[in-house]
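Here is how the chains run, residue by residue.
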Amino acid sequence: MSDIFDEVDEEVRREQFKKLWERYGNLIVALAFLIVAGVAGWRGYQYWQDKKAAETGAQFTAAALLAEQGKHEEAEKAFARVAGEGTAGYRVLARLRETAELAARDPKAAVAAYDDIAASSSTGQPLKDLAAVRAAMLLLDSAPFAEITRRLEPIAAAGAPFRHSARELLAFSAWKAGDTAAVRKWTTLIRGDQETPQALRQRVEMLNSLAGESGQG
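Computed from a predicted structure; not experimentally measured.

## Some thoughts on the confidence of the model for the protein
And step 1. In the predicted model, the protein carries a mean pLDDT of 81, and the fraction of residues at 70 or more is 73%.
And step 2. When the elements of the protein are averaged for pLDDT, helix H1 (residues 2-68) gives the smallest value, 64, and helix H6 (residues 145-152) the largest, 96.
And step 3. Every residue in residues 213-217 is under pLDDT 50, and counting partners more than four places away or in other chains gives nine contacts.

Here it is, written out as C-alpha cells:
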C-alpha cells in the first residue's frame, strides 16, 4: 500500500512543479540569465580595472624615469597625463610629482598647485599633509614665520605622519625670524618625540647652536 501512496505523492509533486514552471518558467529563466550576465559583467569590469591599473603604473614609472634623467618638462607632462587619465590610486601621486617638477621652474605656481591638492576632497589626509609640507618648503625663504606657522602647525601635532618635517621647518622659520622662544618650542618637541629620526635630532642641535641656545632647550 505504501508504494501506491508514494507513487501518488510523486505524481502530485510533478503536477505541482509543472504548474509552477508553466506559470513562472520564463521569470526563472530570465533571472538565471541576469545572474550569469551580472557575474560575467563584474568579472569583465574587474579585468578592465586591473588592466587599467597596470597601464597607469607603467605610465607613472615611465614618467618617474624621465624625471630621474633630468627631462623635467617631459616628466611634468607625463605626470599630468597620469593625473588626468590614470586610475584613482595614482592620480594624487601623479599630481604631487607633476607639481614637484613644476617647482623647478615656477615655485609660485607650484605652491598654488600644492595648496589645491591639499584642499581637494579626493586627497587622503596623509597626502594633504605632504602637499602642505612641500608648499611650506617652497615658501620658507620668502614667507613670514606667521604664514609658515599657519600652514604647518596643524601638521606638527603629536601623531601626525609628517610632524617631524613640519616641526623642523617651523623651527628653522622661527630661527630666521629671530623668534628664540618659538625655536625653543619646536626643538623641544622634536627632541622629546621618541620617533624623531636621529638625523633630524642632529640638525636640531646645529640649529640650537646657531640660535645661541645651550642645546638643552
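## Section: the packing of helix H7 (residues 163-177) against helix H9 (residues 198-210)
And step 1. Look at H7 against H9: their axes get within 11 Å of each other, and the N-to-C directions meet at 10°. One element, H7, and the other, H9, form an angle in the roughly parallel class. Residue-level inspection shows His164, Glu168, Ala171, Phe172 and Trp175 of H7 in contact with H9, the latter providing Leu200, Arg203, Leu207 and Leu210.
And step 2. Taken together, the residues that form the contact of H7 with H9 break down as six nonpolar, one polar and two charged.

## Here we look at the side chain of Lys128
And step 1. Looking at where Lys128 falls in the secondary structure, it is placed in helix H5 (residues 125-139).
And step 2. Lacking a salt bridge, the buried Lys128 has Asp129 as its closest oppositely charged neighbour, with an N-O distance of 8.2 Å.
And step 3. A distance of 3.0 Å separates the side chain of Lys128 from the backbone oxygen of Ala118, its partner in a polar contact.

## Observations concerning the nonpolar core
And step 1. Counting residues in each nonpolar core, the largest one holds 29 residues, and the members touching the most others are Leu96, Ile148, Leu152 and Leu170.
And step 2. At the level of secondary structure, the elements contributing two or more residues to this core comprise helix H3 (88-103), helix H4 (107-119), H5, H6, H7 and helix H8 (180-192).
And step 3. In this view, Leu96 contacts Tyr114, Ile117, Leu127, Leu130, Ala131 and Arg134; residues no more than four positions away in its chain are not counted.
And step 4. Among the nonpolar cores identified, the runner-up in size contains 11 residues, and Leu66, Ala75, Ala78 and Phe79 belong to it.

## Quick notes on the pattern of salt bridges
And step 1. Using the criterion set out here, one finds 13 salt bridges in the structure.
And step 2. Close ionic contact of Lys77 with Glu73 constitutes a salt bridge, the shortest N to O distance being 3.7 Å. With Lys77 and Glu73 both in helix H2 (residues 72-85), this residue pair falls four residues apart, about one helical turn.
And step 3. Where salt bridges share partners, they join Asp115, Glu147, Arg150 and Arg151 into one cluster.

## Quick notes on the environment of Ser122
And step 1. Position of Ser122 among the secondary structure elements: in the loop between H4 and H5.
And step 2. Given a relative accessible area of 57%, Ser122 falls into the exposed group.
And step 3. For the pair formed by Ser122 and Ala88, sequence separation is 34 residues and the distance between their alpha carbons is 9.0 Å.
And step 4. A polar contact is formed between the side chain of Ser122 and the side chain of Ser120, at a distance of 2.8 Å.

## Describing the packing of aromatic side chains
And step 1. Here the structure, examined in full by the defined rule, presents one aromatic pair.
And step 2. Seen from their ring centres, Phe172 and Trp175 are 5.5 Å apart, and the 40° between their planes marks the pair as tilted. With Phe172 and Trp175 both in helix H7 and three residues apart, this pair spans about one turn of that helix.

## So, the packing of H3 against H4
And step 1. Taken N-terminus to C-terminus, the directions of H3 and H4 make an angle of 165°; their axes are 8 Å apart at the nearest point. It follows from the interaxial angle that H3 and H4 lie roughly antiparallel. Relative to H4, H3 is oriented so that their crossing is left-handed. Contacts from Val92, Arg95, Leu96, Thr99, Ala100, Leu102 and Ala103 in H3 reach Pro107, Ala109, Ala110, Ala113, Tyr114, Asp116 and Ile117 in H4.

Each value, and the rule that gives it
Residues numbered from 1 in each chain as written. Predicted model: local features only at pLDDT ≥ 70, side-chain atom pairs only at ≥ 80, totals over all residues. Heavy atoms only, no water. pLDDT = per-residue confidence, 0-100. Helix = DSSP H or I, 4+ residues; strand = E, 2+ residues; numbered from the N terminus. Contact = heavy atoms within 4.5 Å. Axes fitted to C-alpha atoms, helices over the stretch in contact; angles between N-to-C directions. Parallel < 35°, antiparallel > 145°, perpendicular 65-115°, else oblique. Nonpolar A, V, L, I, M, F, W, Y, C, P; charged D, E, K, R; others polar. Buried < 20%, exposed > 50% of the residue type's maximum accessible area, 1.4 Å probe, protein only. Lys, Arg positive; Asp, Glu negative; His and termini not counted. Salt bridge = Lys/Arg side-chain N within 4 Å of Asp/Glu carboxyl O. Polar contact = N/O pair within 3.5 Å; in protein donor to acceptor, adjacent residues only side chain to side chain. Core = buried A, V, L, I, M, F, W, Y, C linked by side-chain atoms within 4.5 Å. Phe/Tyr/Trp six-rings, centres within 6.5 Å; stacked < 30°, edge-to-face > 60°. Left-handed = near helix turned anticlockwise from the far one by under 90°.

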